[in-house]
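# Geometric and topological summary
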Amino acid sequence: MANRINLDMTTVKNRELRLGTIIGWDGSAKELIEQSAYDERSVKKHGGCAGAGQGCRLCELQSPLNQTTMCSNAIVQCQIGNLTDCVLIDHAPIGCSSENAKFNLSMHVGLARRGKPQQNTLNMSTNLQEKDMVFGGSAKLRQAIRIAKERYNPKAIFISMACATAITGEDIDSVAEELEPEVGVPVIPLHCEGFRSKHWSTGFDVAFHGVLRQIVERHPTKKQKDLINIVALWGTDWFTDLLKPLGLRVNYLLDCASYEEIRQASEAVATTTFCETLGGYMGAALEDQFGVPQIDAPQPYGIKGTDAWLRAIAKVVGKEKEAEAFIESEHQRIAPQLEAYREYFKGKYGMVLTGSAYAHGLISVLAELGIKNEAALVFHHDPIYDGAGKNQDTLKEVVETYGDIPHYTVSKTRAFQLPQLLKRAKTDFLIIRHPGLASVAGHLGVPTFALGDEHIPVGYDGILRVGEILKGVLARTKFNKTLQRHVRLPYNDWWFNQDDPFILTKDKSVFVDIEKKLEEVKF
């Protein structure tokens, strides 16, 4: 652990090197589990995943085309940029801040879900121009830090790198160190340039690394025995009711959090998450560097997962009896409605398209509803997680509990692959986390649940919430079939007739032919 997470450094080793992350794979879930196996002795010796050349047998499909909606810089903006009393300065051309309007909306929605006062994001940009790329932008960065202090009087100021500033070698570490005594608050550099990692999930690690280094209390003088850290996104606060029987209060990290809520993370009794992809780094670092135990349990989805998750937390806080009583009462409470949903969804098929560990949780919920699952698409795959706990292998957990997934695809948000993915597996609906794919699926005639509130599926009530929403989704089937007849996506007949979403990867001659045809086109 210590070899992978080093808080003395301002930079974070990206997921490809640390965890062996891949973004291109196709096969069954069981095959991916087998190919993700790694040599534990090698990992312990070198402090990283076998995917970094230390014994992992996992091979990656290299696509000649890239279609995505995120990068590490954007993830930092949606994490650090959504803190309530800290400023994020994006040291970059203004285009890198183009998604801030969307993240501002996310913050407003998240604050409303948590019952917090409304406010806008505290984000700035140094708005670098061509001359700054030649002569340097440090003067603008110093000016921005001083303006941020004067305008917002924040508890901390963050500086995020972008591709442009990384290429020109901007030294944000030195500027942060120089200006911190002057402004009197932590000035925190974040090395999150987009090309640093091939998948945006590294951006989560960069954001967490920054707050762990310079905000979380290193040597807390007290412990709050009723406080538990939940690493989460903007979802509704259903964790409070879920953990109240154990006498616990929730400390959400990072979206919509304040400086004080982050600072007290080291005072909590434990750390857990709704998604290991998101929360693995934060949980592992808090355990390794601050002595806050990370809950090693399945994710809180489905009956079995939620049971195990609550029992693991109860064991840490000494509330085993209370947990068992609560689990038994919840089973009895949801049983009649759950049985009704299972009868309604009998013979139905669903497909999940989200981030990796979160997808595994959703698949668990679908299985509890009696919905079959022949295929899934995850945006990336980590052979291991930072904590490397025995219960952190979420893919293995879902396969062992609910069965194999014959068509399990790892790919970023590449909309052009959807026609082939939908062609080869039966599905009555899709659950999609990123709305850009939802519209494409709708045009292909498939009703879609665009999951905006990340916490909807969590816990026992989460199964019922998903069931009720999916009833409404299936009611739109006729509408989507009508839409399919009248709206055409911008792909030619040749592509629609393909059966393999990775044909461009496997047959290089196909891509060469496409390039030749494009060269012949006269504009």
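Residues numbered from 1 in each chain as written. Predicted model: local features only at pLDDT ≥ 70, side-chain atom pairs only at ≥ 80, totals over all residues. Heavy atoms only, no water.

### A word on the side chain of Asn-229
Relative to the helices and strands, Asn-229 resides in strand E6 (residues 227-232). Overall, the relative accessible area of 0% leaves Asn-229 in the buried class. Ignoring any residue separated from it by four or fewer positions in sequence, one finds Asn-229 in contact with Asn-251, Leu-253, Ala-265, Ala-268, Ala-270, Thr-271, Thr-272, Leu-286 and Val-292. (Helix = DSSP H or I, 4+ residues; strand = E, 2+ residues; numbered from the N terminus. Buried < 20%, exposed > 50% of the residue type's maximum accessible area, 1.4 Å probe, protein only. Contact = heavy atoms within 4.5 Å.)

### Re the sheet that holds strand E12 (residues 429-432)
In spatial order, the strands read E1-E11-E10-E9-E12-E13; together these six strands make up an open sheet with mixed pairing. Strands at the two margins of the open sheet, each flanked by one partner only, are strand E1 (24-27) and strand E13 (448-450). If you compare each strand with its neighbour and ignore which way they point, the axes differ by 15 degrees on average. The pairing of E12 with E13 spans three bridges and is classified as parallel. Directly across from Ile-431, in E13, lies its bridge partner Phe-449. The strands touched by helix H16 (residues 356-368) are strand E9 (349-354), strand E10 (372-378), strand E11 (407-411) and E12; relative to E9, the strand with the most contacts, the crossing angle is about 160 degrees. (Pairing = 2+ DSSP bridges. Axes fitted to C-alpha atoms, helices over the stretch in contact; angles between N-to-C directions.)

### Topic: helix H4 (residues 72-79)
For H4, the tally of buried residues reaches eight of eight residues, placing the bulk of the element in the interior. Taken residue by residue, H4 has Ser-72, Asn-73, Ala-74, Ile-75, Val-76, Gln-77, Cys-78 and Gln-79 as its buried positions.

### Things to note about the pairing of E9
Summarising burial for E9: six of the six residues are buried, a large majority. Taking every second residue as pointing to the same face, both faces of E9 are buried, with Tyr-349, Met-351 and Leu-353 on one and Gly-350, Val-352 and Thr-354 on the other. Assessed by its sense of winding, the connection that carries the chain from E9 through H16 to E10 is right-handed. With four bridges connecting them, E9 and E12 associate as parallel partners. Its bridge partner lying in E12, Gly-350 is registered against Phe-429. (Right-handed = clockwise from strand over helix to strand, strands pointing away.)

### Describing the nonpolar core
Core analysis: the largest hydrophobic core is formed by 139 residues, its most contacted members being Ile-80, Phe-158, Leu-212, Leu-243, Phe-274, Leu-369 and Leu-470. Membership of the second largest hydrophobic core comes to 18 residues, among which are Leu-141, Met-161, Val-175 and Val-183. (Core = buried A, V, L, I, M, F, W, Y, C linked by side-chain atoms within 4.5 Å.)

### What to know about helix H7 (residues 138-152)
Every α-helix winds through 3.6 residues per turn, so residues three or four apart in the chain are directed the same way. Counted at 1.5 Å a residue, the expected span for H7 with its 15 residues is 21 Å, and the 21 Å between its end C-alpha atoms agrees. Its buried side turned inward, H7 meets strand E2 (86-90), strand E3 (123-125), strand E4 (156-160), helix H9 (172-183) and strand E5 (187-190). (Expected span 1.5 Å × (residues − 1).)

### Considering the environment of Ala-312
Looking at the element boundaries, Ala-312 is found in helix H14 (residues 302-317). Owing to a relative accessible area of 18%, Ala-312 belongs among the buried residues under this scheme.

### Considerations on unusual backbone geometry
Put simply, Leu-253 and Leu-254 share a cis peptide bond, and its omega is 0 degrees. For Leu-254, the position within the fold is in strand E7 (residues 249-254). Positive phi, normally seen in glycine, also occurs at Asn-127, with a value near 50 degrees. Of the residues examined, Asn-127 reaches a relative accessible area of 32% and is grouped as partly exposed. Phi at Asn-153 is positive, roughly 45 degrees, even though this residue is not glycine. Among the structural elements, Asn-153 can be located in the loop between H7 and E4. Owing to a relative accessible area of 52%, Asn-153 belongs among the exposed residues under this scheme.

### A short note on the packing of H4 against helix H10 (residues 202-214)
Packing of H4 against H10 leaves a shortest axis separation of 7 Å and a crossing angle of 50 degrees. The angle between H4 and H10 places the two elements in the oblique class. Between H4 and H10 the crossing geometry is right-handed. Between H4, through Ser-72, Ile-75, Val-76 and Gln-79, and H10, the contact on the second element is made entirely by Thr-202, Gly-203, Phe-204, Val-206, Ala-207 and Phe-208. Among the residues making up the contact of H4 with H10, the classes are represented as six nonpolar, four polar and no charged. (Parallel < 35°, antiparallel > 145°, perpendicular 65-115°, else oblique. Left-handed = near helix turned anticlockwise from the far one by under 90°. Nonpolar A, V, L, I, M, F, W, Y, C, P; charged D, E, K, R; others polar.)

### Thoughts on the sheet that holds E4
By way of backbone hydrogen bonds, the strands of a sheet pair with one another, either parallel or antiparallel. Pairing in this open sheet of four strands is parallel, and the strands run E3-E2-E4-E5 from one edge to the other. In the strand order of this sheet, the two ends are held by E3 and E5, each with one partner. On average, each strand axis in the sheet is tilted by 20 degrees relative to the strand beside it, whichever way the strands run. Note: E4 against E5, four bridges, orientation parallel. Bridge pairing links Ser-160 to Leu-190 in E5. Sitting on the sheet, H4 is in contact with E2, E3, E4 and E5, with an inclination near 160 degrees to E2.

### Topic: the pattern of salt bridges
Here the structure, examined in full by the defined rule, presents 27 salt bridges. For the salt bridge of Arg-15 with Asp-382, the shortest nitrogen-to-oxygen distance reads 3.0 Å. You can see Arg-15 sitting in helix H1 (residues 15-18) and its partner Asp-382 sitting in the loop between E10 and helix H17 (394-402), a full 367 residues away along the chain. Note on accessibility: Arg-15 and Asp-382 belong to one class, buried. Three or more residues are tied together by salt bridges with common partners; here these are Arg-15, Arg-18, Asp-205, Asp-382 and Asp-386. (Salt bridge = Lys/Arg side-chain N within 4 Å of Asp/Glu carboxyl O.)

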